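Observations on the three-dimensional arrangement
Chain by chain, the residues run as shown.
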Amino acid sequence: MKLAPSLLACDFTQLGEELKRIASAEYAHVDVMDGLFVPNISFGLPILSAARRASSLFMDVHLMIERPERYLRDFAEAGADGLTVHVEATPHVHRAVGLIRELGKRAGVTLNPGTPLEAVRPVLPDVDLVLVMSVNPGFGGQKFIPESVERVRTLRRWLDELGSAAELEVDGGITPQNARLLADAGATVLVAGSSVFGPQGPEVGLARLREALA
């Protein structure tokens, strides 16, 4: 099981130090929001570039933006190691996935909690990662949607039937209380923001998630 602390919840006045404090994680999760696809604006290329300079962690970039194919090359050049796009955000999801792979990056696809899983099924053979949103995207600190567990189980079954090695990631409301449940359902990567970058500090937050998964 891999952990991907979400930088959306970190202290941006100490970005370099925060990245050092999560160095034991496998990924750094970077949420990019445009205020159109989701009702919030987060950060973009300059922050990703700064994070890339400050850390050698795998930069797991989640693009919550309209027509992401317009910016894939820019984010790849800014330091993304993986790029994940929403099926709802572009009519050309296959083309976007193909471009990500042409750029030499890990290609991911995701969908909102209210979107039927069938929306991602046609592209599953072509991706390296599938992200299950367990909250409605746009804001950190939201409550986990319990029905997400069954969505993870279903996607795990579909990926196994394809013989796919794609990672199955879950993002939203992840805590030590639900981490084990998601792992048992078939998730391989957990994105956590508030439960890592909380008052206890990211080292303790990561340790508590690892203990729950042990």
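For the structure, see preceding data.
A brief structural summary.

Thresholds, definitions, all that
Residues numbered from 1 in each chain as written. Predicted model: local features only at pLDDT ≥ 70, side-chain atom pairs only at ≥ 80, totals over all residues. Heavy atoms only, no water. Salt bridge = Lys/Arg side-chain N within 4 Å of Asp/Glu carboxyl O. Buried < 20%, exposed > 50% of the residue type's maximum accessible area, 1.4 Å probe, protein only. Helix = DSSP H or I, 4+ residues; strand = E, 2+ residues; numbered from the N terminus. Arc of directions from axis to C-beta. Contact = heavy atoms within 4.5 Å. Pairing = 2+ DSSP bridges. Axes fitted to C-alpha atoms, helices over the stretch in contact; angles between N-to-C directions. Parallel < 35°, antiparallel > 145°, perpendicular 65-115°, else oblique. Left-handed = near helix turned anticlockwise from the far one by under 90°. Nonpolar A, V, L, I, M, F, W, Y, C, P; charged D, E, K, R; others polar. Phe/Tyr/Trp six-rings, centres within 6.5 Å; stacked < 30°, edge-to-face > 60°. Lys NZ or Arg CZ within 6 Å of the ring centre and 35° of its normal.

**Structural notes on the pattern of salt bridges**
Applying the stated rule across the entire model yields 14 salt bridges. Here Glu118 ties to Arg121 by a salt bridge, and the two come within 3.4 Å at their closest N and O atoms. For Arg121, a relative accessible area of 34% gives the class partly exposed. Its salt-bridge partner being Glu150, residue Arg153 comes within 3.2 Å of it at the nearest N-O pair. Within this pair, Arg153 and its partner Glu150 are both found in helix H5 (residues 148-162), separated by three residues, close to a single helical turn. Judged by relative accessible area, which is 44%, Glu150 ranks as partly exposed. Look at the salt bridges and you will find they share partners, linking Lys2, Asp60, Arg106 and Glu167 into a network.

**Brief notes about helix H6 (residues 176-185)**
Considered for burial, the residues of H6 that qualify are Asn178, Ala179, Leu182, Ala183 and Ala185. Within H6, the buried residues cover an arc of 155° as seen down the axis, which keeps them to one side. Within H6, the exposed residues directed more than 90 degrees away from the buried face are Gln177 and Asp184. Buried residues along H6 sit against H5, strand E7 (167-171), strand E8 (189-192) and helix H7 (202-213). With its phi angle positive at about 120°, Gly186 sits one or two positions after the end of H6.

**Things to note about the sheet that holds strand E4 (residues 82-86)**
Spatial strand order, E1-E8-E7-E6-E5-E4-E3-E2: eight strands in an open sheet with parallel pairing. The two strands at the open ends of the sheet, each matched to only one other strand, are strand E1 (2-5) and strand E2 (27-33). Between one strand axis and the next, the sheet turns by 25° as a mean value, whatever way the strands run. Direction of pairing for strand E6 (residues 129-133) relative to E7: parallel, over a ladder of five bridges. Bridge pairing in E7 links Leu131 to Glu169.

**Considerations on the environment of Leu213**
Within the secondary structure layout, Leu213 lies in helix H7. A sequence separation of 41 residues divides Leu213 from Gly172, and the C-alpha atoms of the two residues are 17 Å apart.

**Concerning the packing of H5 against H6**
One way to put it is that H5 packs onto H6 with a least axis distance of 8 Å and a crossing angle of 25°. By the criterion of interaxial angle, the relationship of H5 to H6 is roughly parallel. Between H5 and H6 lies a crossing whose hand is right-handed. The residues of H6 that touch H5, namely those facing Val149, Val152, Arg153 and Arg156, are Leu181, Leu182 and Ala185. Grouping the amino acids of the contact of H5 with H6 by side-chain chemistry returns five nonpolar, no polar and two charged.

**Description of the packing of aromatic side chains**
As enumerated under the stated definition, the model contains two aromatic pairs in all. Ring geometry for Tyr27 and Phe58: centres 4.6 Å apart, planes at 40°, overall tilted. Of this pair, Tyr27 sits in strand E2 while Phe58 sits in strand E3 (residues 58-64), and the two are 31 residues apart along the sequence. Take Tyr27: its relative accessible area is 6%, and that puts it in the buried class. Between Arg106 and the ring centre of Tyr27, over which it is positioned, the NZ or CZ distance is 5.2 Å. The lysine or arginine in question, Arg121, covers the ring of Trp158, its NZ or CZ lying 4.0 Å from the ring centre.

**A closer look at unusual backbone geometry**
A positive phi angle, near 45°, is found at Arg67, a position not held by glycine. By the element assignment, Arg67 lies in the loop between E3 and helix H3 (72-78). Taking the relative accessible area as the measure of exposure, Arg67 reaches 36% and is therefore partly exposed.

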